[in-house]
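Reading the structure
Here is what each chain is made of, one letter per residue.
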Amino acid sequence: MKNIVILGASGSIGLQTLDVITRHPDKFRCVGLSVKSRVDAISDFLNSNSGLVVCVEKSSDAKNYSIAFTQHRFVWGEDGLIEVATLKEADTVVNALVGFVGCKPTLAAIEAKKDIALANKETLVAAGKIVMAAVKRNGVSLMPIDSEHSAIVQCLSTHNKSIKRLILTASGGSFRDKKRSELNGVTLSDALNHPNWSMGAKITIDSATMMNKGLEVIEARWLFDMPFDQIDVIMHRQSIVHSMVEFEDRAVIAQLGTPDMRIPIQYALSHPNRLALDLPSLDLVKAQSLTFEPVDFERFPLLKCAYLAGKREDNRAAALNGANEEAVSAFLRGKIAFVDIDTFVAEAFESMSYSELNTLEDAIAADQMGRAWIKKKILGGNV
Ligand SMILES: NC(=O)c1ccc[n+]([C@@H]2O[C@H](COP(=O)([O-])OP(=O)(O)OC[C@H]3O[C@@H](n4cnc5c(N)ncnc54)[C@H](OP(=O)(O)O)[C@@H]3O)[C@@H](O)[C@H]2O)c1
């Protein structure tokens, strides 16, 4: 029996993790959860379980929910998040938070010797050097939930030497068939209409700008200790081949599956074993064709920025990520147009000054620099 904490339990990954856990009551037990405010999304789970520690953002919510759910203990804020992430009885922490806010709890959980199942890629983008050093020092395991990185772990599971390159596949997101000049006036609901996956808002927008693939390239660098010139991205519209590894002898191993995040979530929890998962089998005959195309770096400038940022291994990936989070949030709130996201973030990336990144504080400062640049730009100030 594995005791599990889920940070971000009310989100897309969090709810699918609860589904996986509920399917295997003999293997997994949830001991703690966090949400920002949407307790309603997990109320069925809370009603059918007891004795959990539940973190919410606001103390007032914690007090109110303590009355509604007397069988659980509510905590709040950043301290509460750290408390849930480091619960004594927890074996594995699933980090399904969105954004850089996931970084501190990940590090706290690692220092408390918890294994990590990581969906929160922003943690590795902004502070990969610090997080991977902490993983090594504490002797814990960090398993990716991202389908691409889960695929690579699986491709490497029989042989993990003599690697020529990692090949990450990209669906291309909501606007993959539109030229840049056709993006003026696209709406929020167009942008949230991903062709293959149903995901949270931030990652869906990141997919449409392909910043998501850029974040994944940096994530892959840290997870697999692979130089950037050995990490390639190709467009694969069907999201069936989740990623591939090419070896020195030119053999290529790919991992395939239907686009359902419960598969990599469950693998992150059961690894190195596999458990049954009652989903429809992949039907390749029905899929008919699998297509692959080169990625256009001019059309998707943030993918190019992510490669450039990652390669320098200083604080620019954290700053780029902070700028992107702020710009996406502004788009989601209707403050800027879709085309402004990559225009502003690429401009911020060109304009900011950078320094070494050695500590979590360095990452926090870089994140804030990126956010401040975008906020000022939106307000029309000089940056
Ligand atoms: N969704 C996918 O299929 C998918 C696939 C691969 C990787 N990922 C990665 O997984 C992570 C989560 O993505 P998602 O799509 O599941 O996101 P999501 O649906 O937006 O869920 C985010 C979760 O984090 C909580 N949260 C948000 N801001 C918070 C804050 N400031 N403090 C504390 N909690 C906060 C939310 O709580 P409330 O609901 O209460 O606001 C929610 O539980 C992201 O890093 C994403 O890139 C997602």
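For every chain, the first residue of its written sequence is number 1, and the numbers climb from 1 along that sequence. In view of the model being predicted, local features appear only for residues whose pLDDT reaches at least 70, and side-chain atom pairs are presented and counted only at 80 or more, with totals across whole chains, interfaces and linings using the full set of residues. The basis for the side-chain values is all heavy atoms of the structure; hydrogens and waters are excluded.

Moving on to the overall build of the protein. For helices the rule is a DSSP run of H or I covering at least 4 residues; for strands it is a run of E covering at least 2, with both sets numbered from the N terminus onward. Within the protein one finds 16 helices and 11 strands. The globule rule used for comparison is 2.2 Å times the number of residues to the exponent 0.38, while the radius of gyration itself is calculated over C-alpha atoms. For the protein, the C-alpha radius of gyration of 20 Å lies close to 21 Å, the compact-globule estimate for 383 residues. A principal-axis box enclosing the C-alpha atoms of the protein has dimensions of 55 × 55 × 40 Å. The buried label goes to any residue with under 20% of its type's maximum accessible area, the exposed label to any with over 50%, and the partly exposed label to all in between, with areas taken from a 1.4 Å probe on protein chains only. A burial count over the protein gives 56% of its 383 residues as buried. Pairs at least 24 apart in sequence give 67% of the contacts found in the protein among residues at least 6 apart. When the accessible surface of the protein is split by element, carbon and sulfur atoms take 50% of a total near 16700 Å². Charge assignment: positive for Lys and Arg, negative for Asp and Glu; neither His nor the chain ends contribute. Positions of charges follow a simple convention, taking NZ of Lys, CZ of Arg, CG of Asp or CD of Glu. Charge-centre separation for the protein: the mean point of 43 positive side chains lies 1 Å from the mean point of 46 negative side chains. Every residue pair with non-hydrogen atoms within 4.5 Å of one another is taken to be in contact. Accessible surface is estimated by sampling points in the Shrake-Rupley manner with a 1.4 Å probe; for residues, cover comes only from the protein chains shown.

If DSSP finds at least two bridges between two strands, the strands pair. If you trace the 4 strands from one edge of the open sheet to the other, you get β9-β8-β10-β11, paired in mixed fashion. In this open sheet, the two edge strands, each paired with only one partner strand, are β9 (231-235) and β11 (252-256). If you compare each strand with its neighbour and ignore which way they point, the axes differ by 20° on average. Sheet topology places strand β10 (residues 241-247) next to β11; 5 bridges connect them, and they run antiparallel. By the bridge assignment for β11, Val-245 is matched with Ile-253. Axis lines are fitted through C-alpha atoms, for helices just across the contact stretch, and the angle between N-to-C directions can take any value from 0 to 180 degrees. The sheet contacts of helix α10 (residues 211-224) involve β8 (163-170) and β9, and relative to β8 the element is tilted by about 150°.

Glancing now at the site of the ligand. Nearness is defined per residue: one heavy atom within 4 Å of the molecule or strand is enough. Looking at the ligand, there are 23 residues lining it, with Ser-10, Ser-37, Arg-38, Glu-122 and Gly-200 nearest. Nitrogen and oxygen atoms within 3.5 Å of one another constitute a polar contact, given that in protein one can donate a hydrogen and the other can accept it, and given that sequence-neighbouring residues count only through two side-chain atoms. At 3.2 Å from an oxygen atom of the ligand is found a main-chain nitrogen or oxygen belonging to Gly-8. Between the ligand and Lys-36, the relevant distance is 3.0 Å, taken from an oxygen atom to a main-chain nitrogen or oxygen of the residue. Within the complex, the protein chains bury 87% of what would otherwise be the 900 Å² of accessible surface of the ligand. Among the elements of the structure, α1 (12-23) and α6 (121-138) are those that each provide at least two residues to the shell around the ligand. For the shell around the ligand, the per-class residue count stands at 11 nonpolar, 7 polar and 5 charged. When residues are grouped by polarity, Ala, Val, Leu, Ile, Met, Phe, Trp, Tyr, Cys and Pro land in nonpolar, Asp, Glu, Lys and Arg in charged, and all others, Gly among them, in polar.

Right, let's get into the state of the cysteines. Cysteine sulfur atoms that pair up within 2.5 Å are treated as a disulfide. Scanning the model with the defined rule gives 0 disulfides in all. Summary of cysteine pairing: Cys-55 is not part of a disulfide, and the nearest cysteine sulfur, belonging to Cys-30, is at 13 Å. Cys-55 gets classed as buried once you look at its relative accessible area, which sits at 2%.

Many descriptions give the size of an interface as the accessible area lost when the pieces come together. For every domain, the bounds stem from an assignment made automatically or drawn from a database. Along its sequence, the protein is organised into domain 1 (2-144) and domain 2 (149-313). Computed from C-alpha coordinates alone, the two centres of domain 1 and domain 2 are separated by 25 Å. Facing the 27 residues of domain 1 at the interface are 30 residues of domain 2. A 1.4 Å probe defines the accessible area here, and the buried area is the portion of it lost by two parts on being joined, summed over both. Where domain 1 abuts domain 2, roughly 2400 Å² becomes buried across the two surfaces, and 71% of that area is made up of carbon and sulfur atoms. The three residues of domain 1 that bury the most area against domain 2 are Lys-121, Met-143 and Pro-144, which together make up 26% of that side's buried surface. What counts as a salt bridge is simple: a side-chain nitrogen of Lys or Arg found within 4 Å of a carboxyl oxygen of Asp or Glu. Joining domain 1 to domain 2, the criterion identifies 3 salt bridges. Glu-216 is paired through a salt bridge with Lys-121; the nearest N and O atoms lie 3.1 Å apart. Put simply, domain 1 and domain 2 have 7 residue pairs in polar contact (both at pLDDT 80 or more) between them. Among the secondary structure elements, those contributing two or more residues to the side of domain 1 that touches domain 2 are β1 (2-7), α1, β5 (92-95), α6 and β7 (142-144). Looking at which element gives the most residues to the side of domain 1 that touches domain 2, the answer is α1, with 8 residues.

Further remarks concern a nonpolar patch on the surface. Any residue with relative accessible area above 30% and no salt bridge may belong to a patch, with like charges joined within 9 Å and the nonpolar Val, Leu, Ile, Met, Phe, Trp and Tyr side chains within 5 Å. A contiguous nonpolar surface patch, about 370 Å² in accessible area, is contributed by Leu-256, Leu-282, Leu-284, Leu-290 and Phe-292. Along the chain, Phe-292 falls in the loop between α12 (284-287) and α13 (301-312). Given the relative accessible area of 40%, Phe-292 is considered partly exposed.

With that settled, consider the nonpolar core. In this structure, Leu-33 and Phe-338 are the most contacted members of the largest nonpolar core, which totals 128 residues. Looking at this core element by element, the count peaks at 9 residues for helix α14 (residues 316-332). Here the nonpolar core consists of buried residues drawn from Ala, Val, Leu, Ile, Met, Phe, Trp, Tyr and Cys, with membership extended through side-chain atoms lying within 4.5 Å.

Classification of ring pairs uses Phe, Tyr and Trp, with its six-membered ring standing for Trp, and accepts pairs whose centres are within 6.5 Å; under 30 degrees between planes counts as stacked, over 60 as edge-to-face, and the remaining range as tilted. Tallying each qualifying case throughout the model produces 8 aromatic pairs. Judged by centre distance (6.4 Å) and plane angle (70°), the rings of Phe-228 and Tyr-307 are edge-to-face. Of the two residues, Phe-228 is situated in the loop between α10 and β9 and Tyr-307 in helix α13; the sequence distance between them amounts to 79 residues. For Tyr-307, a relative accessible area of 11% gives the class buried. Each member of the aromatic cluster is reached from another via a ring pair, and the members are Tyr-65, Phe-69 and Phe-74. Lying across the ring of Trp-76, Lys-63 places its NZ or CZ 5.5 Å from the centre. One residue, Lys-377, lies across the ring of Phe-344, its end atom 5.3 Å from the ring centre. Consider the ring centre and the ring normal. A charge sits over the ring if Lys NZ or Arg CZ is within 6 Å of that centre and within 35 degrees of that normal.

This part is about the sheet that holds strand β3 (residues 53-56). The sheet built from 7 strands is open, its strands ordered β4-β3-β2-β1-β5-β6-β7 with parallel pairing. At either end of the open sheet lies a strand with only one pairing partner, and these are β4 (73-76) and β7. Across the sheet, the mean angle separating the axes of adjacent strands is 25° when strand polarity is ignored. The pairing of strand β2 (residues 28-34) with β3 spans 3 bridges and is classified as parallel.

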